[in-house]
Amino acid sequence: MNSPNFKFVVFQKDLNKDTIIVNKEVKFNFNNKYLSSDQINKKSKVIKWSNQVLRSIENQLPVPRMYFSSIPKNINEYKIFEKKKVFLSILLPIALRGNELVLEERKRLKVAFLTNNIYKIEYFAKKYKVKNFTKINFGSLNSLQLRNIKKELLIKVNRVPVSMIIAQAIIESGWGASRFSQEGNALFGEWTWKNNDGIKPNGNLDANFAVKSFKNISESLNSYILNLNRHPAYTEMRNYRSMMFKAGKDITGYDTAAYLENYAEIGLAYVEKVNDMIKSNKLYKFENSVLEKR
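Residues numbered from 1 in each chain as written. Predicted model: local features only at pLDDT ≥ 70, side-chain atom pairs only at ≥ 80, totals over all residues. Heavy atoms only, no water.

Q: I'd like a description of the overall build of the chain, backed by residues and values.
A: For the chain, the helix and strand inventory stands at 10 helices and 5 strands. Here the chain holds 294 residues, and 51% of them are scored as buried. Taking as baseline every contact in the chain between residues at least 6 positions apart, the subset at least 24 positions apart corresponds to 64%. In the form shown here, the chain has an accessible surface area of approximately 15700 Å², with 51% of it arising from carbon and sulfur atoms. (Helix = DSSP H or I, 4+ residues; strand = E, 2+ residues; numbered from the N terminus. Buried < 20%, exposed > 50% of the residue type's maximum accessible area, 1.4 Å probe, protein only. Contact = heavy atoms within 4.5 Å. Areas by Shrake-Rupley, 256 points an atom, 1.4 Å probe, with all protein chains shown as cover.)

Q: Describe in detail the packing of helix H2 (residues 80–114) against helix H7 (residues 217–230), supporting the description with residues and values.
A: Relative orientation and spacing of two packed helices are given, respectively, by the angle between their axes and the distance between those axes. Running from N to C, H2 and H7 cross one another at 50°; their axes reach a closest spacing of 10 Å. For the element pair H2 / H7, the angle class is oblique. The hand of the H2/H7 crossing is right-handed. For the pair formed by H2 and H7, the contact residues are Ile90, Ile94, Ala95, Gly98, Asn99, Leu101 and Val102 on the first element and Ile217, Ser218, Leu221, Asn222, Ile225 and Asn229 on the second. Grouping the constituent residues of the contact of H2 with H7 by class yields 8 nonpolar, 5 polar and no charged. (Axes fitted to C-alpha atoms, helices over the stretch in contact; angles between N-to-C directions. Parallel < 35°, antiparallel > 145°, perpendicular 65-115°, else oblique. Left-handed = near helix turned anticlockwise from the far one by under 90°. Nonpolar A, V, L, I, M, F, W, Y, C, P; charged D, E, K, R; others polar.)

Q: I'd like to hear about the nonpolar core, residue by residue, with values.
A: Ranked by size, the top nonpolar core spans 71 residues in total, and within it Ile149 and Tyr224 carry the most contacts. Counting residues per element, the ones that place at least two in this core are helix H1 (43–58), H2, helix H3 (118–127), helix H4 (143–156), helix H5 (162–173), H7 and helix H10 (268–280). Per-element accounting of this core gives the leading share, 13 residues, to H2. Ignoring anything within four residues of it in the chain, the contact list for Tyr224 reads Val160, Met164, Ile165, Gln168, Phe188, Glu190 and Tyr263. (Core = buried A, V, L, I, M, F, W, Y, C linked by side-chain atoms within 4.5 Å.)

Q: Provide a residue-level description of the pattern of salt bridges, including the pertinent values.
A: The final tally for this structure, using the stated rule, is 8 salt bridges. Where Arg65 meets Glu100, a salt bridge forms, and the shortest distance between an N and an O atom there is 2.8 Å. Placement of Arg65 in the loop between H1 and H2 and of Glu100 in helix H2 is noted, with a sequence separation of 35 residues between them. In this structure Arg65 comes out as buried when scored by relative accessible area, which is 10%. By relative accessible area, which is 19% here, Glu100 ends up buried. Ionic pairing is found between Glu105 and Lys127, a salt bridge with its closest N-O pair at 2.8 Å. Taken together, the residues Glu105 in helix H2 and Lys127 in helix H3 connect sequence positions 22 residues apart. Ionic contacts of the salt-bridge type, sharing partners, join the residues Arg65, Arg97, Glu100, Glu104 and Arg294 into one network. (Salt bridge = Lys/Arg side-chain N within 4 Å of Asp/Glu carboxyl O.)

Q: Give a description of the environment of Ser44 that names residues and reports values.
A: Mapped onto the elements of the fold, Ser44 is located in helix H1. Residue class for Ser44 comes out exposed when judged on its relative accessible area of 56%. Ser44 sits 34 residues away from Tyr78 along the chain, and the two C-alpha atoms are 9.9 Å apart.

Q: Residues and numbers for H1, please.
A: Since the α-helix advances by 3.6 residues per turn, residues separated by three or four positions end up pointing in the same direction. If you check H1, its first and last C-alpha atoms are 22 Å apart, about what 16 residues at 1.5 Å a residue would give, namely 22 Å. Turning to H1, its buried residues number three or more, namely Val46, Ile47, Trp49, Ser50, Gln52, Val53, Leu54, Ser56 and Ile57. Against H2 lie the buried residues of H1. Just downstream of H1, Gln60 is the residue with a positive phi angle, here 60°. (Expected span 1.5 Å × (residues − 1).)

Q: Residues and numbers for the packing of H2 against H5, please.
A: The contact between H2 and H5 brings their axes to 10 Å, and the two run at 130°. Accordingly, the angle class assigned to the pair H2 and H5 is oblique. Taken as a pair, H2 and H5 cross one another with a handedness that is right-handed. On H5, the residues touching Phe87, Leu88, Leu91, Leu92, Ala95, Leu96 and Asn99 of H2 are Val162, Ile165, Ile166, Ala169, Ile170 and Ser173. Here the residues of the contact of H2 with H5 are counted per class, giving 11 nonpolar, 2 polar and no charged.

Structure follows, in structure tokens:
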């Protein structure tokens, strides 16, 4: 039986911002792997698509490069088990793409040091806020400074375990149903102190902070990864990841989550919450998933 024609929203990477943006729509006939922007709020189509994606993963097939721009507005109309399946299907390709972008950046970082490209080195050092980056004179770096900057950047610029990404997104967005997720594409509860850059909590409109909002959920994911990769609160997490990476050992979400106590005010209870989410929803099975080739 021929599969129906779907419009596939083609996404293009913005190299300057490391985000994914909508480019144009083209017609595809591709075994229901893709949905168009006018189909993501059509419950029956989304469920059918989600079931196929999860079946592919269970059969250890590559994940389709289908990137939703937002969580469906009618997500609360789904039955609980359907909501979970749909949310996982939406988050997984975006999480994998976010890590893919970071690993691509890691490659560019290594090339910058190999070619002694000071402009690129300065860009990465400032983006990832290396130690004392505001005081560094990048026009006159010595070999010791270069080695230290490279060492720190290689610790910072690396992937985040997929199971942990999804677990935190579930917790922080309520399976995509929270007000912050629906109104601001905010999946990870990041705060901002900039005016007009976020959504104020209900009942606390005079707060000096807001939950940061985004143009799409891919931007939210990329911001979350950048936050984990450069904020001093997660230095221990990055050092653990680097140690495991150098030893050639698996870096799991369950083990890495042990270093998330600074992510929320509840501290160690948050670590337990993330690990419970990973275990109860068997998110570890997504750890080795890969995107289909382009």
